[in-house]
Amino acid sequence: MTAEQTPDPDLASRRLAAESLAKDDPTGWFEELYAAAGEGKAVVPWDRGGAHALLTEWAETSEFRGDGKRALVVGTGLGWDAELVADLGYDTIAFDISPSAVEAARQTHPDTKVDYVVADLLNPPAEWRGAFDLVVEIYTVQALPIELQPAASKQVTAQVRVGGTLVVIAAVRTEVDGRPVSDDVVQGPPWPLTRAAIDAFAIGDVRLIQLEKQPSPSDPTIYRWRAEYLRD
Ligand SMILES: C[S@@+](CC[C@H](N)C(=O)[O-])C[C@H]1O[C@@H](n2cnc3c(N)ncnc32)[C@H](O)[C@@H]1O
């Protein structure tokens, strides 16, 4: 098979996303993709087979230890980041809007201590509000259309308890002459985050305490944000 004939692993996800967005259902395609992947008919393009490198680095260099404190992992996918958080000693809940993703996470980590649950970031369980010492959000807000992102980031922040930490990892919106390209130019998903979108997680008592912009090891033209916030 020539390179031109090699199937594009992202093709199924792009097609499902386009169909879902055309039906004004911006999140329906996640379940369709995970279900198709479970039947071997698609691949999950963001499955890294391990925790995100920037989260791993953060865990190795920070003093964070769970010691039974509570953590929430947003849009957990196959659960690799949630497993790392649980290994730090956090009593961890990890959620995803896709029931097939949650099932796949449980199957991928059969001995897990993580509580994998189905939930919608845009309408999370009321009892989660302000209940977590650590909240980790990686690539979920950017997977939602730009008009939904303010509501999504607000909900991410809302789950952090007083004294708690929020870690956000996201792709950086493409910049031209140091300025992010405008919303209407971005052909998502994903819809990478601007600096303003990173600042939007800092609501009320939650403030941004550290922000890094790092190139991707696989493609140095792509940058990722790693942001850490604290609720005073
Ligand atoms: C791009 S993937 C990233 C998955 C994982 N965080 C990672 O970095 O590998 C986005 C994930 O968010 C989930 N998701 C999308 N919208 C969501 C919502 N409203 N509530 C909860 N999960 C959502 C998707 O099902 C998907 O697993």
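Residues numbered from 1 in each chain as written. Predicted model: local features only at pLDDT ≥ 70, side-chain atom pairs only at ≥ 80, totals over all residues. Heavy atoms only, no water.

Student: Just checking my understanding: could you explain the side chain of glutamate 228 for this structure?
Tutor: Along the chain, glutamate 228 turns up in strand β9 (residues 223-231). Within the buried set, glutamate 228 has no salt-bridge partner at all; the shortest N-O distance to an opposite charge, 6.6 Å, is to arginine 226. Ignoring sequence-local partners within four residues, the contact set of glutamate 228 consists of Trp58, Phe64, Thr165, Leu166, Arg207, Leu208, Ile209 and Gln210. (Helix = DSSP H or I, 4+ residues; strand = E, 2+ residues; numbered from the N terminus. Buried < 20%, exposed > 50% of the residue type's maximum accessible area, 1.4 Å probe, protein only. Lys, Arg positive; Asp, Glu negative; His and termini not counted. Salt bridge = Lys/Arg side-chain N within 4 Å of Asp/Glu carboxyl O. Contact = heavy atoms within 4.5 Å.)

Student: Looking at this structure, I do not really get the domain arrangement of the protein. What am I missing?
Tutor: The figure often quoted for interface size is the accessible area lost as the parts come together. Structurally, the protein comprises domain 1 (3-38) and domain 2 (53-231). Counting residues at the interface gives nine residues for domain 1, matched by 15 residues for domain 2. Of the roughly 850 Å² buried between domain 1 and domain 2 on both sides combined, carbon and sulfur atoms contribute 77%. A per-residue breakdown of the area domain 1 buries against domain 2 is headed by Thr27, Glu31 and Tyr34, which together make up 53% of the total. Where domain 1 packs against domain 2, one counts zero salt bridges. Counting the contacts that link domain 1 with domain 2 gives two residue pairs in polar contact (both at pLDDT 80 or more). If you list the elements that add at least two residues to the side of domain 1 that touches domain 2, you get α1 (11-22) and α2 (28-38). Looking at side-chain class alone, the side of domain 1 that touches domain 2 contains seven nonpolar, one polar and one charged residues. (Domains from an automatic or database assignment. Buried area = accessible area lost by both parts, 1.4 Å probe. Polar contact = N/O pair within 3.5 Å; in protein donor to acceptor, adjacent residues only side chain to side chain. Nonpolar A, V, L, I, M, F, W, Y, C, P; charged D, E, K, R; others polar.)

Student: Whenever I open this one, the pairing of β9 confuses me. Can you help?
Tutor: Here is the key point about a regular strand: its side chains alternate between the two faces of the sheet. Burial runs high along β9: seven of the nine residues are buried. One ladder, built from seven bridges, connects strand β5 (residues 160-171) with β9; its direction is antiparallel. Each residue of the ladder has a partner; that of leucine 166, found in β9, is tyrosine 229. Relative to β9, strand β8 (residues 206-215) is paired through nine bridges, and the arrangement is antiparallel. Within β9, the position partnered with glutamine 214 by the bridge is arginine 224. (Pairing = 2+ DSSP bridges.)

Student: Whenever I open this one, the site of the ligand confuses me. Can you help?
Tutor: Neighbouring residues of the ligand: 18 residues in total, closest Tyr34, Gly75, Asp96, Asp120 and Ile138. Here an oxygen atom of the ligand sits 2.6 Å away from a polar atom, N or O, in the side chain of aspartate 96. Interatomic distance of 3.1 Å between a backbone N/O atom of isoleucine 97 and a nitrogen atom of the ligand. Of all the secondary-structure elements, those providing two or more residues to the shell around the ligand are α2 and β2 (91-96). Within the shell around the ligand, the residues separate by chemical class into ten nonpolar, four polar and four charged. Both domains that furnish three or more residues to the shell around the ligand are identified here as domain 1 (3-38) and domain 2 (53-231). (Near = heavy atom within 4 Å.)

Student: Looking at this model, I keep getting lost on the packing of aromatic side chains. Mind explaining?
Tutor: The geometry of an aromatic ring pair is captured by two quantities: the separation of the ring centres and the angle between the planes. Under the defined criterion, the tally for this structure stands at eight aromatic pairs. Taken together, a centroid distance of 4.7 Å and an interplanar angle of 35 degrees make the contact between tryptophan 58 and phenylalanine 64 tilted. Look at tryptophan 58 and you get buried, because its relative accessible area is 4%. Taken together, Trp29, Phe30, Tyr34 and Trp46 form an aromatic cluster joined through their ring pairs. (Phe/Tyr/Trp six-rings, centres within 6.5 Å; stacked < 30°, edge-to-face > 60°.)

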